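# Descriptive structure summary
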Amino acid sequence: METLEGNQIHVIKPVLPKLNSLYELAISGDKECWLFHPSWHVCIYRRMFESENKTLTKEGILHFLELYETKHLPNSPGFSEFVIGPLMDALSESSLYSRTPGQSIGACPPLGMRLQKFLATYLTLLPEEEKGSFLLKFIQKMTSRHWCAVPILFLSMALASIPACKVLGAEGLHALRDVLQCTMITHQILLRGAAQCYLLQTTMHLTDVEKVSFPEVSSFLLSLRPEESLRRDTLLWTELCSWLQENDRCFRKSVTSDFGHQETPSLCEYVHSLVGEYLKTPASERENCFMPDWFEAKLVSTMILLAADVEQMKNKYSGKSNIEWTELEAFLNPLLDVLMKLGSNAYIPTLKTDKSLQLLLKLLQTRSLKCSNTQDDEVLFFIWKSLVTPVESILEFILRRLATNELSTVGDLDRCDMYLALIPEIVNLALKGNLKKMPSIKNFLSSLINASIRNLQERNSEKEPKVKEQIRKVASMASLAAVCDIMDGELEVHLKSLPSVDALKKFISFSQLNEVLKKPSYIEEKNSICEETSSQGWGKIVARYVRDQWICRRFVFNSFATLAQEYEETSVMSLSTAERSKEILQSALEALSILPSDQVSPVFDCMKVLVPKLLDSSEALCIEAFDLAWKIISSLSNTQLIFWANLKAFVRFIFDTEVLAVAASAKGQAYNKIKEIIFNLIDLSTTKTGVFNVVLSHCCQSWIFPTVDERSAFTNAFLNAGNYSELITEACVFGTVFRKDQRHIQDVHAFIENLGEKCAANVVAESTNRDDHYVRICAVKFLCLLDGSNILHKTFMEDIFIKLLDKDELVSKSRTRYYANSLQHRIKNRVWQTLLVLLPKLNQNFLCGTLDRVFQAGFSNNQASVKYFIEWIVILSLHKYPQFLDKFWDCFCYDEEKLKKSICTFLSVLAHFDIILQNTSEKKPALKKALIVVLQWCFSHNFSVRLYALIALKKIWGMCRMLHVEEFEALTPVIESSLQQVENMHGTGNARRNWQRIQDHFFFATFHPVEDYSLETIFYILPRLAELAEDEWISLSKFDRFTDIPLPAAFQWCHSRTELRDLKPSDWSQQDMGSHLAEADSQTEWTDVQKKIIPWKNSTPSLDLETAFQDRAVKLGKSNSRLIVVASLIDKPTNLGGLCRTSEIFGASALVVGSLHYIQDKQFQHLSVSAEQWLPLVEVKPSQLVDYLQQKKTEGYTIIGVEQTAKSFDLTEYCFPEKSLLLLGNEHEGIPANLIHHLDVCVEIPQQGIIRSLNVHVSGALLIWEYTRQQVIKQKQQQ
């Protein structure tokens, strides 16, 4: 417990094994009982679970869960309480479910796997009578607080993995339903869907069916959303059907049901009674003005489909080939009876008509996931075939309700929506099921159009309009909008040949846009209860009325080839086409300002047609339209449900082929405005993932696969790609560096996606392609589709190539810190990946002009992954065009200052010289030149450069021997003995090992620049081998999953060779100035940073450094202390300023800090009071500390850590050596584990209080004073 008071994991980890021995000692020999109460152990875990250090919490949880796998502990009630209490509280922290560094993306996190094993094992140890109550409490705990999606998912998965046992009753089912409703709150749809799947599996594995009734099961099933988890044709649905079939006639009889004397009803009997009960309506005194809730209709339709599928499963098992569907027919008959009477019987209660049409709509909306043709799905085909029969009756009823005065209250508008939702489903039903019904549908639509137009043309004579009249107008406009939507979508029906369609077009063209309905007076209405309690305010109704007008207007625009033709056919006005268009666009802007943000998409669609016609004459108005549209979209960015549909409509408008083309041809303000919107959208995408994906996917598809549309036939869609090339350039390098919590959610997503069909959520949930990777995938696939022989494509690719090189130069010149996996590193990496994709499509002339820029990039200071790509591009360019070799040799002619940073890049290219000369007939002159160049660098003073030169020499000399180049005969003994000497080198240090490591490195040993040229190598294998962050690896499966843009049919560069694919990252890191490769192996898992050059090793020799200190001390008249204080781990300027002052006062020889920038900090200066001017300060970054400490050890310093450890010395008893180096820990974490084993000794300050740690400045000051005190005493004794 005392050790756990600290927060440092490296101090606590050694204590955990002692817990195991404690358990062994706490259990009696026969393992039957506890010798002392287990709550003592529980206290220890509880302390760990409540720690501020999440790593410690995770270790504690994993250790506790592992106990039950490895030890056979006696049962104790206290443990169950502890699991449901503190353990589950700790498990609610999402960050604990992260992958370990070694795990691949998409793997199950260790805690997830351990939870599954723990729950299964723990349950087997519990007595039978306790299992049910433990699980019930466990599930209820999941409902008792708002859990995040990730913990709920893994707890649900653990519950689903418990071996089948009948322990949960009705209460357990209710608790599981409560969990479902708790998980619905979260926003990650895939995680929510997966949790639902596992909770349903839990229900099937653990429910005692004799304790639950069909109504309880069916109401639980309805908590599962069909669009997220439980849907027909998934493995989960099949599993549910099997469970229902196996347990048929085992379920408890419902208290309310009436099945006669039968004890346990069958599923079919239950569904039969359910349909009957559903369609029964009580005779009420007055008609209810509100529609019934949809809950019941969903429940009945789901149970009908389940029962039908169970019946089909039974028949398949029994081997029946002809299924008569008697049960399914029996379920549908009561519904069909009501539907057949709708048209003729005007006295059916409204509630009954509502319920029957709700059920009809739910059945018609069922789609098959597997069968594209409904006839292949026998159950659905039978349902549809049955439901075709009453089509005429239904249409007659709907027409009567919509066309006459029957819809009269605000509550009736919900009914109107239901009727209108049925119309497209009935059209679809007739198309797929029975074309003989088409004439009836055409007559119905004609009558509906005519009646709606008549209703809308009626003018109110009274000043105050009545509710009934206004509602009728709303319903009529909604009817016209629904008809327009059907005619826009269903082309094969030839509905546009209807005579009433012309009347509809004329009516819409003449009608005033944005017409609003005056709010009616409710005074005369007797039935005012409905109105007052109505959920829809009048403002909402008016907004919907205006939106419907724009849906109709969109239909008119879409049905005419040009606007002029529309105006000619439908208008007798004297206005010109441009004036009329301007009028409509002004109305559209007005509509955008009055409509709610979620109803603007039809207005956007109309603006898409109008803006190209007006960009020349009314540019200011068009820019106003762009601005207003963007304002609406950016205001919606915080909403989840309505944002995406509106964004798509916005993108269709702004990035319409013709809008872009007209704006680009004028190159005016509109063109600049669109470019501004592009960058605004990219900015928005950094905070709302998926926005750029929508924009780019739309543009790439419309540019490379333009639709044949008469309106845009005269513009070449691909010209837009050139005019707006920024879109593609930005897409190629797009991707933010995510926070840890965001990466964690993405990891869990990847894990779910990896489960494939096993998890129904993957099959059911709509693939949104909102991952940032898909932006780059879309851009790369677009570039792959381009053809170098097409002049437009060629110009575009060359432009992109130049722009990407510009971007690389810009990043290189920026002052932002450039370290491994920084955003700068990632952008450069993406630039060169894209350039590599473009390379094969570029011609010789263009490459001739740009290759110099590629070479110049090679001279920059780049991270290893970027170097590999630059080297690869140079190798491929020289392989294809060996005539560029002279340009390449020029790179070796610069002065040494420029070359010393980058020479390894060019020597690496020479290591593949055999591939470069593959297409050259005259190899000897090139080899001669290469040999001369390489030999010079074999004598470099830099060990790393010599290694690269020797690798190149070995390759080039091997080629010379094969070609028998006589001119080099004289050199043979020298070179061969040198190479032999290298192979057999012995001696101190790591020279031989480094030579072996560089030879085994993938870039020289396995990688083949030509044969390994593929998307997989560029985007997945090479980033992985170069040890880029995992979120930069794009697997080939992601390219396959992104189907918006296909790869060309003849594209053969997809897969890498197996040899490369199977490699693991090597421990050699390519470095230009690798001066300390000998110590490369000292990097441990704790230092995930690039190894930098250590300044004091290259510039001032250590002896000089010491001399400089001494000189300064003499000048200041101070004693020459041998104490160095190392504060590189401290990052608070206040602590550093105080230490600087203390060190200077007590005459320390130097203070080592992590960065000299701290000296400029106001807080530092406030506490140091100019001490930094009188004390030598040295900069050593935390990542360089290991090397620095090792160097100081060799100089005779004792490395002393100020840390509490098991073997630390008491400060009052420790005698400081003269040459002492004090290493101070970080304010929060202390001294990291990777540095502790470099210490010679740890010293701790004795304490008597309760608080266990001092401020780091105070600790340092106490040790500095103690050292000074001891040295002063020694000096006095010597004197």
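Residues numbered from 1 in each chain as written. Predicted model: local features only at pLDDT ≥ 70, side-chain atom pairs only at ≥ 80, totals over all residues. Heavy atoms only, no water.

### Looking at the overall build of the chain
If you tally the helices and strands in the chain, you get 60 helices and 7 strands. A burial count over the chain gives 55% of its 1279 residues as buried. Looking at the chain alone, contacts between residues at least 24 apart form 78% of all its contacts between residues at least 6 apart. Counting only carbon and sulfur atoms, one obtains 52% of the accessible surface of the chain, whose full area is about 56900 Å². (Helix = DSSP H or I, 4+ residues; strand = E, 2+ residues; numbered from the N terminus. Buried < 20%, exposed > 50% of the residue type's maximum accessible area, 1.4 Å probe, protein only. Contact = heavy atoms within 4.5 Å. Areas by Shrake-Rupley, 256 points an atom, 1.4 Å probe, with all protein chains shown as cover.)

### Some points on the nonpolar core
Core analysis: the biggest nonpolar cluster contains 381 residues, and Phe64, Phe650, Phe782, Trp832, Phe888, Leu910 and Phe913 have the highest contact counts within it. Of the residues forming this core, the biggest block, 13 residues, is contributed by helix H21 (residues 467–489). Leaving out residues up to four positions away in the same chain, Phe782 has contacts with Cys700, Trp703, Ile704, Phe718, Ala721, Ile728, Phe796 and Ile1045. With 29 residues, the next largest nonpolar core counts Ala1127, Ala1148, Ile1159 and Leu1263 among its residues. (Core = buried A, V, L, I, M, F, W, Y, C linked by side-chain atoms within 4.5 Å.)

### Side note on the pattern of salt bridges
Within this structure, the stated rule accounts for 47 salt bridges. A salt bridge links Glu730 to Lys807, with the shortest nitrogen-to-oxygen separation between them at 3.3 Å. Separated by 77 residues along the polypeptide, Glu730 in helix H34 (residues 725–732) and Lys807 in helix H38 (residues 791–813) bring together distant segments of the chain. As far as the burial class goes, Glu730 and Lys807 line up, both buried. Between Arg830 and Glu1032 there is a salt bridge whose closest N-O contact spans 2.6 Å. Of this pair, Arg830 sits in helix H39 (residues 823–838) while Glu1032 sits in the loop between helix H51 (1015–1025) and helix H52 (1036–1041), placing them 202 residues apart in sequence. The class of Arg830 is buried, set by a relative accessible area of 2%. Residue classification places Glu1032 among the buried positions, given a relative accessible area of 2%. Via salt bridges that share partners, Arg776, Arg826, Arg830, Asp1031 and Glu1032 belong to a single interconnected network. (Salt bridge = Lys/Arg side-chain N within 4 Å of Asp/Glu carboxyl O.)

### Points about the packing of aromatic side chains
Each aromatic ring pair is described using two quantities: the centre-to-centre distance and the angle formed by the ring planes. Tallying each qualifying case throughout the model produces 48 aromatic pairs. Plain terms: the ring middles of Tyr45 and Phe64 are 5.1 Å apart, the flat faces sit at 75° to each other, and that makes the pair edge-to-face. Residue Tyr45 is found in helix H3 (residues 39–49), and its partner Phe64 is found in helix H4 (residues 54–70); the two are separated by 19 residues along the sequence. Overall, the relative accessible area of 0% leaves Tyr45 in the buried class. (Phe/Tyr/Trp six-rings, centres within 6.5 Å; stacked < 30°, edge-to-face > 60°.)

### A short note on the side chain of Ser822
Mapping Ser822 onto the fold places it in the loop between H38 and H39. With a relative accessible area of 2%, Ser822 lands in the buried category. A polar side-chain atom of Ser822 sits 2.8 Å from the main-chain carbonyl oxygen of Tyr819. (Polar contact = N/O pair within 3.5 Å; in protein donor to acceptor, adjacent residues only side chain to side chain.)

### A look at helix H47 (residues 943–963)
Given a rise of 1.5 Å per residue, 21 residues ought to cover 30 Å, and the 30 Å separating the end C-alpha atoms of H47 matches this to within 8%. The opening residue of H47 is Asn942, an N-cap whose side-chain oxygen sits 2.9 Å from the backbone nitrogen of Ser944. Following H47 by one or two positions, His964 adopts a phi angle in the positive range, close to 50°. (Expected span 1.5 Å × (residues − 1).)

### Some thoughts on unusual backbone geometry
Phi angles above zero are rare outside glycine, and Asp233 is one such case at about 75°. Considering the arrangement of structural elements, one finds Asp233 in the loop between helix H11 (214–221) and helix H12 (235–246). Even without glycine at this site, Asn821 takes up a positive phi of about 65°. With respect to the element layout, Asn821 can be found in the loop between H38 and H39. According to the relative accessible area criterion, Asn821 is buried, its value standing at 19%.

### Describing helix H26 (residues 577–594)
For H26, with 18 residues, the first-to-last C-alpha span of 26 Å sits near the 26 Å given by 1.5 Å per residue. Where H26 is concerned, the buried positions are Arg580, Ser581, Ile584, Leu585, Ser587, Ala588, Leu589, Ala591 and Leu592.

### With respect to a nonpolar patch on the surface
On the surface, Leu22, Leu35, Phe36 and Trp40 cluster together into a nonpolar patch covering about 430 Å² of accessible area. Counting through the fold element by element, Trp40 comes out in helix H3. For Trp40, a relative accessible area of 58% translates into the label exposed. (Patch = residues over 30% accessible without salt bridge, like charges linked within 9 Å, V, L, I, M, F, W, Y side chains within 5 Å.)

### Quick notes on the packing of helix H37 (residues 773–785) against H39
Axis separation between H37 and H39 bottoms out at 10 Å; the angle between their running directions is 20°. Taken as axis vectors, H37 and H39 run roughly parallel relative to one another. The two elements H37 and H39 cross, and the hand of that crossing is right-handed. From H37, Arg776, Val780, Leu783 and Cys784 reach across to H39, where they touch Arg830, Gln833, Thr834, Val837 and Leu838. For the contact of H37 with H39, the class distribution of residues is 5 nonpolar, 2 polar and 2 charged. (Axes fitted to C-alpha atoms, helices over the stretch in contact; angles between N-to-C directions. Parallel < 35°, antiparallel > 145°, perpendicular 65-115°, else oblique. Left-handed = near helix turned anticlockwise from the far one by under 90°. Nonpolar A, V, L, I, M, F, W, Y, C, P; charged D, E, K, R; others polar.)

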